[in-house]
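Observations on the model geometry
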Amino acid sequence: RTLGRVFNATPTLRILFYKLLDLLLLRTWYVKRVLRTWIADHLGERTVLDAGSGFGQYTWFISGMSPSWKVVAVDVKEEQIADCTRFFERAGRRNVRFELADLTSYVQPDTYDFILSVDVMEHIAEDELVFTNFCRSLKAGGMLLISTPSDQGGSDVHDHDEEESFIDEHVRDGYNLNDIQEKLKRAGFKKTDASYSYGRPGQAAWRISMKYPIRMLNTSKLFFIVLPVYYLLAFPVAYCLNHLDVRKKHTTGTGLVVKAWK
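Per chain, residue numbering runs from 1 following the sequence as it is written. Predicted model: local features are reported for residues with pLDDT of at least 70 only, side-chain atom pairs are reported and counted for 80 or more only, and whole-chain, interface and lining totals are derived from all residues. With hydrogens and water stripped out, all remaining heavy atoms of the structure feed into the side-chain values.

Quick look at the overall build of the protein chain
Counting from the N terminus, the helices are the DSSP runs of H or I reaching at least four residues and the strands are the DSSP runs of E reaching at least two. What the protein chain contains, in helices and strands, is 9 helices and 7 strands. It is over C-alpha atoms that the radius of gyration is taken, and the globule rule equals 2.2 Å times the number of residues to the power 0.38. Compactness check: the protein chain gives a C-alpha radius of gyration of 18 Å against a globular reference of 18 Å for 262 residues, within 12% of the reference. For every residue, the accessible area obtained with a 1.4 Å probe (protein chains only) is divided by the maximum for its type, and the residue is called buried under 20%, exposed over 50%, and partly exposed between those limits. Taking all 262 residues of the protein chain together, the buried fraction comes to 51%. When contacts within the protein chain are restricted to residue pairs at least 6 apart in sequence, those whose partners lie at least 24 apart make up 77%. Each accessible area is a Shrake-Rupley estimate made with a 1.4 Å probe; only the visible protein chains count as cover when residues are assessed. Accessible surface for the protein chain amounts to roughly 13,200 Å². Of this, 54% is attributable to carbon and sulfur atoms. We call two residues in contact whenever any of their non-hydrogen atoms come within 4.5 Å of each other.

Laid out in structure tokens, this is it:
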């Protein structure tokens, strides 16, 4: 929230913040790779849903991929929807509409070509209901992409320092690779594919680039003063580790990249 207030001062600063997140957050690397592959085979007018849009990072990226795409971004937090609506209007991004919605009841039958859900499902207890809503909302042949923690230690739930999870509001510790695919098939999806992200290189990069800086900021706002120097030293290391992670096929990892087709 503190970082959000700083970077929300002008549209230019917020766009810069998005670009920094794209570089630092490994999950973004995985999501963008899938999106680029998908768009190559789906040119022309498309309708995309960002299911759980949050601060709008992925909505910004998706809406910029093609001006012919219509993007609907929904979130359960009213303040996030109002904030994103203001920013996107100020930035002149016209192919996006933000809506307040609860994914457990949000259904738009046969509407979307692609649905993206990043770091959302671990917060929702009624996950199979949401998966069913996703399937009903997709057009025939449409694709769902989910990025979520795995049950192999996502969000440091198995951290050896015996501290609380870094993200403590999750309703589950993470998804099992096979279980989430079975849930999606029960929801009506015909085909699924899931793989691990955040192998050992990615886990190290996440701690260096996100976990430790945020913990220090939570301890003292004075860390803002040294934050640029910290990232000047830490970013090259985290960047190389992210590259290693996306190039490898992991037998285990703290994240999952899940694809499903209607």
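Okay, back to it.
Quick notes on the nonpolar core
Think of a nonpolar core as a cluster: buried Ala, Val, Leu, Ile, Met, Phe, Trp, Tyr and Cys residues, connected wherever their side-chain atoms sit within 4.5 Å. Formed by 42 residues in total, the largest nonpolar core has its most connected members in Val-31, Ile-62, Phe-88, Phe-98, Phe-114, Leu-116 and Leu-145. Broken down by element, the residue count for this core peaks at 8 residues, all from helix α3 (residues 26–40). For Phe-114, the residues in contact, after removing those within four places along its chain, are Leu-35, Trp-38, Thr-47, Val-48, Leu-49, Leu-138, Met-143 and Leu-145. Counting residues in hydrophobic clusters, the runner-up holds 30 residues, among them Val-74, Leu-103, Ile-180 and Val-258.

Quick notes on the sheet that holds strand β4 (residues 112–118)
Here a strand pair is declared whenever DSSP counts at least two bridges between the two strands. If you trace the 7 strands from one edge of the open sheet to the other, you get β3-β2-β1-β4-β5-β7-β6, paired in mixed fashion. Each having just a single partner strand, β3 (96–100) and β6 (191–197) make up the two edges of the open sheet. Averaged over all pairs of adjacent strands, the angle between strand axes in this sheet comes to 15°, irrespective of strand direction. When strand β1 (residues 46–51) meets strand β2 (residues 69–75), the two strands line up parallel, connected through 6 bridges. Counterpart to Asp-50 in the pairing with β2 is Ala-73. Between N-to-C directions, angles cover 0 to 180 degrees, with each direction set by a line fitted to C-alpha atoms, over the stretch in contact for helices. Strands β1, β4 and β5 (138–149) of the sheet are contacted by helix α6 (residues 127–137), whose axis makes an angle of about 145° with β5.

Quick word on the environment of Leu-25
Position of Leu-25 relative to the elements: it lies in the loop between α2 (11–24) and α3. What makes Leu-25 buried here is its relative accessible area of 7%. A C-alpha to C-alpha distance of 9.6 Å links Leu-25 and Ala-238, two positions 213 residues apart in sequence.

Section: the environment of Asp-127
Within the element layout of this structure, Asp-127 appears in helix α6. On the basis of relative accessibility, which here comes to 5%, the residue Asp-127 falls in the buried class. The spacing of Asp-127 and Gly-174 is 47 residues in sequence and 12 Å in space, taken between C-alpha atoms.

Looking at the pattern of salt bridges
Any Lys or Arg side-chain nitrogen located within 4 Å of an Asp or Glu carboxyl oxygen qualifies as a salt bridge. Under the definition given, this model contains 11 salt bridges. For Arg-97, the salt bridge identified is with Glu-99, shortest N-O distance 2.7 Å. The salt bridge partner of Lys-139 is Asp-113, with a shortest N-O separation of 3.4 Å. Of this pair, Lys-139 sits in strand β5 while Asp-113 is found in strand β4, placing the two residues 26 residues apart along the sequence. What makes Lys-139 partly exposed here is its relative accessible area of 31%.

Here we look at helix α7 (residues 177–186)
Of the positions making up α7, those classed as buried are Leu-177, Ile-180, Gln-181, Lys-183 and Leu-184. What you see down the axis of α7 is that its buried residues fit within an arc of 155°, all on one side. Packed against the buried residues of α7 are α6, β5, β6 and β7 (255–261). Between N or O atoms, a polar contact is any pair within 3.5 Å; within protein, one atom must be a potential hydrogen donor and the other a potential acceptor, and residues adjacent in sequence are included only when both atoms are from side chains. Capping of α7 at its N-terminal end is provided by Asn-176; its side-chain oxygen lies 2.9 Å from the backbone amide nitrogen of Asn-178. At the C-terminal side of α7, Gly-188 shows a positive phi close to 120°. Our arc is simply the arc of the directions from the helix axis toward the C-beta atoms.

Quick look at the layout of surface pockets
What the second largest pocket holds in volume is close to 360 Å³. Buried and open spaces are told apart on a 1 Å grid over the protein atoms alone, a cavity being a set of points where a 1.4 Å probe fits but cannot get out and a pocket being an open set with protein on both sides within 12 Å along at least five of seven lines. Residues with an atom within 4 Å of a point are the lining residues. The wall of the second largest pocket is formed by 21 residues, among which Val-34, Asp-193, Ser-195, Val-257 and Lys-259 lie closest to the centre. Secondary structure elements with two or more residues in the lining of the second largest pocket: α3, β5, β6 and β7. Sort the elements by how many residues they give to the lining of the second largest pocket and α3 lands first, with 5 residues. Grid points are joined across faces, edges and corners, and a volume is the space filled by probe spheres set on the points.

Some remarks on the packing of aromatic side chains
Any Phe, Tyr or Trp ring, taking Trp's six-membered ring, that has another such ring centre within 6.5 Å forms a pair; planes under 30 degrees apart are called stacked, those over 60 apart edge-to-face, and the others tilted. If you walk through the whole model with that rule in mind, you get 14 aromatic pairs. With a centroid separation of 5.3 Å and 65° between ring planes, the pair formed by Trp-29 and Tyr-239 is classed as edge-to-face. Taken as a pair, Trp-29 in helix α3 and Tyr-239 in helix α9 (residues 223–247) lie far apart in primary sequence, 210 residues in all. Ring centres of Trp-38 and Trp-69 lie 5.6 Å apart, and the angle between their planes is 75°; this geometry places the pair in the edge-to-face category. Residue Trp-38 is located in helix α3, and its partner Trp-69 is located in strand β2; the two are separated by 31 residues in the primary sequence. Here, a charge over a ring is recorded when the distance from Lys NZ or Arg CZ to the ring centre is within 6 Å and its angle to the ring normal is within 35 degrees. Stacked on the ring of Phe-55, the Lys or Arg Arg-14 has its end atom at 4.0 Å from the ring centre. For the cation-ring pair, Arg-93 lies above Trp-60, with the distance from its terminal atom to the ring centre recorded as 3.7 Å.

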